[in-house]
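# A look at the structure
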Amino acid sequence: QVQLVESGGGLVQAGGSLRLSCAASGRTLSTYAMNWFRQAPGKEREFVAAISRGGRTYYADSVKGRFTISRDNGKNTVYLQMNSLKLEDTAVYYCAAGVLVKQGDYWGQGTQVTVSS
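Residues numbered from 1 in each chain as written. Predicted model: local features only at pLDDT ≥ 70, side-chain atom pairs only at ≥ 80, totals over all residues. Heavy atoms only, no water.

### Describing the pairing of strand S7 (residues 67–72)
- Burial along S7 is one-sided: the face carrying Phe67, Ile69 and Arg71 is buried and the face carrying Thr68, Ser70 and Asp72 is not.
- Where S7 meets strand S8 (residues 77–82), six bridges bridge the pair, whose relative direction is antiparallel. When the bridges of S8 are listed, Ser70 appears paired with Tyr79. (Buried < 20%, exposed > 50% of the residue type's maximum accessible area, 1.4 Å probe, protein only. Helix = DSSP H or I, 4+ residues; strand = E, 2+ residues; numbered from the N terminus. Pairing = 2+ DSSP bridges.)

Quick look at the structure:
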């Protein structure tokens, strides 16, 4: 079992940046592929970014070149650096740990990101 807690969400103007963090407890994150998903109001949850146990990264086309996922196994934390934010990035962002990338077996509670014009 692993418990995940996201932080770093908030209100930011379009074009701005935020860094989300996902801190884990219970088990070491190095055991898992780590993922970020998001869900906007009225929409289904969608994949955003993932990092494999070996450090390979994956991104949704909508965030490629703007978002960067990274992991610090020593701190048991995963990050999502979000730059050049757009209105359509507004959503609740969830961290998820899984055996495979783009899959979540354990989920955090989510953190709200709101991008304003």
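### Describing the pattern of salt bridges
- Using the criterion set out here, one finds four salt bridges in the structure.
- The closest approach of N and O atoms between Glu46 and Arg38, which form a salt bridge, is 2.6 Å.
- Measuring nitrogen to oxygen at the nearest pair gives 3.1 Å for the salt bridge that ties Lys64 to Asp61. (Salt bridge = Lys/Arg side-chain N within 4 Å of Asp/Glu carboxyl O.)

### A closer look at the side chain of Arg66
- Along the chain, Arg66 turns up in the loop between strand S6 (57–59) and S7.
- In this structure Arg66 comes out as buried when scored by relative accessible area, which is 9%.
- A distance of 2.7 Å separates the side chain of Arg66 from the side chain of Asp89, its partner in a polar contact.
- Beyond its immediate chain neighbours, meaning those up to four positions away, Arg66 contacts Gln81, Met82, Asn83, Ser84, Leu85, Lys86 and Asp89. (Polar contact = N/O pair within 3.5 Å; in protein donor to acceptor, adjacent residues only side chain to side chain. Contact = heavy atoms within 4.5 Å.)

### Some details on unusual backbone geometry
- Located in the positive-phi region is Ser84, a residue other than glycine, with phi close to 50°.
- Although it is not a glycine, Lys102 adopts a positive phi angle of roughly 65°.
- If you trace the backbone, Lys102 turns up in the loop between strand S9 (91–98) and strand S10 (106–107).
- Among the residues examined, Lys102 registers a relative accessible area of 46% and is labelled partly exposed.

### A closer look at the state of the cysteines
- Here the structure, examined in full by the defined rule, presents one disulfide.
- Note on cysteine connectivity: Cys22 is disulfide-linked to Cys95, with sulfurs 2.0 Å apart. Handedness of the Cys22-Cys95 disulfide follows from its S-S torsion of about -75°: it is left-handed. With Cys22 in strand S3 (residues 18–25) and Cys95 in strand S9, the pair connects residues that are 73 residues apart, well separated along the chain. (Disulfide = S-S within 2.5 Å.)

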